[in-house]
Amino acid sequence: MALSRAERRTLDEIARRVAAEDPEYARRLSAFGGHEAGALGLPARRSLLPVVLVGVLLAVSFAAFAVATARRDGGEPARRAPHVLLRP
Amino acid sequence: MGRPHTVPRHAKGRTRTGDPRPRADTDLGAAGKLGLPQSTALVVGNIVGTGIFLLPASLAAIGTISFPVMVGTTLGAIALALVFGKLGARIPTSGGPYAYARNAFGEFMGFWSAWSFWLTAWGGNAGIAVAWVGYVNHFLHWDSTAGKTAIGLVGVWIPVLINLTGVRNIGLFQTVTTVLKFVPLIFVAIVGLFFVRSENFGPFNATGGSAWSAVALALGLILFIYSGMESVTIVAERVKDPAKNVGRASVSGVLACGILYILATVAVFGTVPHGELARSTAPFADSLNNMFGGTWTGHAMAVCAIISGIGALNGWTMLVAEMPMAAARDGLFPAAFARLSRRGAPVTGILVGAVLTTLMLVFAYLSENTFNTILLFASFTTAIPYFFSAAAQLFWLVTGGRTVSRARMAKDLTVAVVALVFSFAIVYASGEQAVMLGILAMLVGVPVFIWAKARRGEYGSRDRQPALPAGPGG
């Protein structure tokens, strides 16, 4: 569930207070999310870009592995697993 | 049966992202829901696709040792159907195995069950479509790559159009096609028994190897024939009185299919000489020919297979969209999958699934061997939602913390353990390559989970606030 506006304001206030009281702690935390719009807000779109890229990379790698497996084994897999086309 | 399940107040009427729940205004009243006959038709229609039309020939190459394997598998499938009945009564919400795994083991296992099923559903649809094209070409003979692709696209996209019109039309189409496919098959199964000749059955073990290797081969074929038994759990919110009907439809659907499979296999084995059956490309037509003579039976069974295939594609197209819809409402799949049209259709899920199936289909005609290899992942991912559903039932049985009847507890535990072992056996039977590709395909889902959770705008697990989605109708 998304945070309400009041909750966001409270969290921003807490974040500001923590940053004022303990700048070193705030600096360490910023390494994890300093570029976000708010202290605990939704991630910026660019933050999610690496996630999308790694998802695409994994999907493409999966297809490449499957093609490589098919080429290595010739027609054998289809004969070993006829249940694939029996389903359902 | 453990703790009573309640819907948390915050889950009613809103999604996990705080948006109002998508409502279906016109099609999801009581009249727009699936009754028990339609729910059972969904189970039977999704289990019986195109595979059964070649199953007796495939089993003939193994021998009559397949019969006890089929009986054992049917018992395992019935146990799993009983488990789905219990789980459906406990959590009568869409998503089925997703909801069970999520409630028992947390969000990530719920997501992985949904992801696994989603991969199985659209990947398997490509497999059905390829087989369906073969039966249509019995009449059309469009044997070029373009011709086969065109037929396949019709097979994939007609069910899409039906699904977009809402659950009422899906149920009607499913009921009609299930009756049209089931009646001819059960006719062969029952009438064929009167024409059985013992000398046709052939050897007990026809493989030439050990009995164990024959059993393993038979398991590799037979363990998958009940795939689809979970169908009605996934659309539970589209079912009238889901707490009762999910279980009834699952068990009666599996029982009907079990009787059909066993009788039909015995009848075809007994009416077609073993050598001829092992080479047959149309065993049911050969069986009818041997009973009544003539050549019309090949055409009749091809028509039956066409109806059966399009019915299965219709039902699986529904599931392709319903499972991610349930996960998306909890913020565990991209939010677009949760949106419903005015007719109550999860449009994004239907279209994304159909596009992926279409891509696989095109790929099938560009490189059949690669297609078959990639599709191996589906035989592994089939088992994951089964395994975690049975595990969820076991978990709740042993963690209930309440007074129970010992006899009932023993019965429920036995059923849950049999179902769990059955699911485990499916993983083994899917083979090494399928497990390898299946695990890779599952891992591809992890970034999707990260993305969906991040987009939900919160940190960490929501396990302390288990939420059940309200029905599509609100």
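Presented here is a report on the structure given in the accompanying data block. Note that this is a predicted model, so its numbers are computed, not measured.

Conventions and cut-offs
- Residues numbered from 1 in each chain as written.
- Chains lettered and ligands numbered in written order.
- Predicted model: local features only at pLDDT ≥ 70, side-chain atom pairs only at ≥ 80, totals over all residues.
- Heavy atoms only, no water.
- Helix = DSSP H or I, 4+ residues; strand = E, 2+ residues; numbered from the N terminus.
- Buried < 20%, exposed > 50% of the residue type's maximum accessible area, 1.4 Å probe, protein only.
- Contact = heavy atoms within 4.5 Å.
- Areas by Shrake-Rupley, 256 points an atom, 1.4 Å probe, with all protein chains shown as cover.
- 1 Å grid on protein atoms, 1.4 Å probe; cavity = no way out; pocket = protein on both sides within 12 Å on 5 of 7 lines; lining within 4 Å.
- Points joined across faces, edges and corners; volume = space filled by probe spheres on them.
- Nonpolar A, V, L, I, M, F, W, Y, C, P; charged D, E, K, R; others polar.
- Salt bridge = Lys/Arg side-chain N within 4 Å of Asp/Glu carboxyl O.
- Core = buried A, V, L, I, M, F, W, Y, C linked by side-chain atoms within 4.5 Å.
- Axes fitted to C-alpha atoms, helices over the stretch in contact; angles between N-to-C directions.
- Left-handed = near helix turned anticlockwise from the far one by under 90°.
- Patch = residues over 30% accessible without salt bridge, like charges linked within 9 Å, V, L, I, M, F, W, Y side chains within 5 Å.
- Phe/Tyr/Trp six-rings, centres within 6.5 Å; stacked < 30°, edge-to-face > 60°.
- Lys NZ or Arg CZ within 6 Å of the ring centre and 35° of its normal.
- Expected span 1.5 Å × (residues − 1).

Okay, the overall build of chain B next. The secondary structure content of chain B amounts to 18 helices and zero strands. The buried share of chain B, taken over its 474 residues, is 60%. Across chain B, the fraction of contacts at a sequence separation of at least 24, relative to all contacts at a separation of at least 6, is 83%. About 17,100 Å² of surface is accessible on chain B, with carbon and sulfur atoms providing 68% of the total.

Time to look at the overall build of chain A. Broken down by element type, chain A carries five helices and zero strands. Listed N to C, the secondary structure of chain A is α-α-α-α-α in terms of helices and strands. Taking all 88 residues of chain A together, 20% fall into the buried category. Counting every atom, chain A has about 6,000 Å² of accessible surface; 63% of that belongs to carbon and sulfur.

By volume, the second largest pocket is sized at about 830 Å³. Considering the residues around the second largest pocket, the lining is formed by 27 residues, among which A:Ala59, B:Trp115, B:Trp122, B:Leu356 and B:Val444 are closest to the centre. Going through the elements one at a time, helix H3 (45-73) of chain A together with helix H5 (107-140), helix H14 (347-366), helix H15 (368-381) and helix H18 (432-456) of chain B are the ones with two or more residues in the lining of the second largest pocket. Looking at which element gives the most residues to the lining of the second largest pocket, the answer is H3(A), with eight residues. Of the residues contributing to the lining of the second largest pocket, the split by class is 26 nonpolar, one polar and no charged.

All names here are of chain B. Applying the stated criterion across every chain yields a total of nine salt bridges over all chains. Among the ionic pairs, Asp330 bridges to Arg102, the shortest N-O distance being 3.7 Å. Highlighted residues: Asp330 in the loop between helix H13 (296-329) and H14 and Arg102 in helix H4 (residues 97-105), separated in sequence by 228 residues. Assigned by exposure class, Asp330 and Arg102 land together as buried. Notably, a salt bridge pairs Glu107 with Lys453, separated by 2.8 Å at the nearest N-O pair. Here the residue Glu107 occupies a position in helix H5, and Lys453 occupies one in helix H18, the gap between them amounting to 346 residues. By relative accessible area, which is 13% here, Lys453 ends up buried. Look at the salt bridges and you will find they share partners, linking Arg102, Glu107, Asp330 and Lys453 into a network.

A few words on the nonpolar core. Judged by nonpolar contacts, the single largest core of 145 residues is most densely connected at B:Met229 and B:Tyr261. Sort the elements by how many residues they give to this core and H5(B) lands first, with 17 residues.

This part is about the packing of H5(B) against helix H16 (residues 383-398) of chain B. If you want to describe how two helices pack, look at the angle between their axes and the distance between the axes. Residue and element names in this part refer to chain B. At their nearest, the axes of H5 and H16 sit 8 Å apart, and the two run at 145° to each other. Considering only the axes of H5 and H16, their crossing is left-handed. Facing Met109, Ser113, Ser116 and Phe117 of H5, the residues of H16 in contact are Ile384, Pro385 and Phe388. Residues of the contact of H5 with H16, tallied by class, amount to five nonpolar, two polar and no charged.

Next up on the list: unusual backbone geometry. Its identity as a non-glycine residue notwithstanding, B:His141 has a phi of 55°, on the positive side. Looking at the element boundaries, B:His141 is found in the loop between H5 and helix H6 (145-164).

To continue, consider a nonpolar patch on the surface. Residues B:Phe187, B:Ile190, B:Leu193, B:Phe194, B:Phe195, B:Phe292 and B:Trp296 make up a contiguous nonpolar surface patch of about 730 Å² in total accessible area. The exposure class of B:Phe194 is exposed, given its relative accessible area of 70%.

All names here are of chain B. The topology assignment puts Glu322 in helix H13. In this structure Glu322 comes out as buried when scored by relative accessible area, which is 2%. Setting aside its immediate chain neighbours within four residues, Glu322 contacts Ser94, Ile234, Val235, Arg238 and Pro346.

Applying the stated rule across the entire model yields 28 aromatic pairs over all chains. Put simply, the rings of A:Phe62, B:Phe108, B:Phe111, B:Trp112, B:Trp115, B:Trp118, B:Trp122, B:Phe333, B:Phe337, B:Phe377 and B:Phe449 pair up and form one aromatic cluster. Lying across the ring of B:Trp396, B:Arg90 places its NZ or CZ 4.1 Å from the centre.

All names here are of chain B. With 14 residues, H15 extends 21 Å from end C-alpha to end C-alpha; this agrees with the ideal 20 Å at 1.5 Å per step. Summarising burial for H15: twelve of the 14 residues are buried, a large majority. Within H15 the residues assigned to the buried category are Thr370, Phe371, Asn372, Thr373, Ile374, Leu375, Leu376, Phe377, Ala378, Ser379, Phe380 and Thr381.

The next thing to look at is empty space enclosed by the protein. Residues and elements named next belong to chain B. A full pass over the atoms with the stated rule returns five cavities of 30 Å³ or more. Here the largest cavity defines a volume of roughly 60 Å³. Lining the largest cavity are 13 residues, with Ile170, Arg238, Met318, Glu322 and Pro346 sitting closest to its centre. A per-element tally of the lining of the largest cavity places H13 first, with three residues. Class assignment for the residues of the lining of the largest cavity results in seven nonpolar, three polar and three charged. Considering only enclosed or pocket space, the second largest cavity measures out at about 50 Å³ in volume. Going through the elements one at a time, H13 and H14 are the ones with two or more residues in the lining of the second largest cavity.

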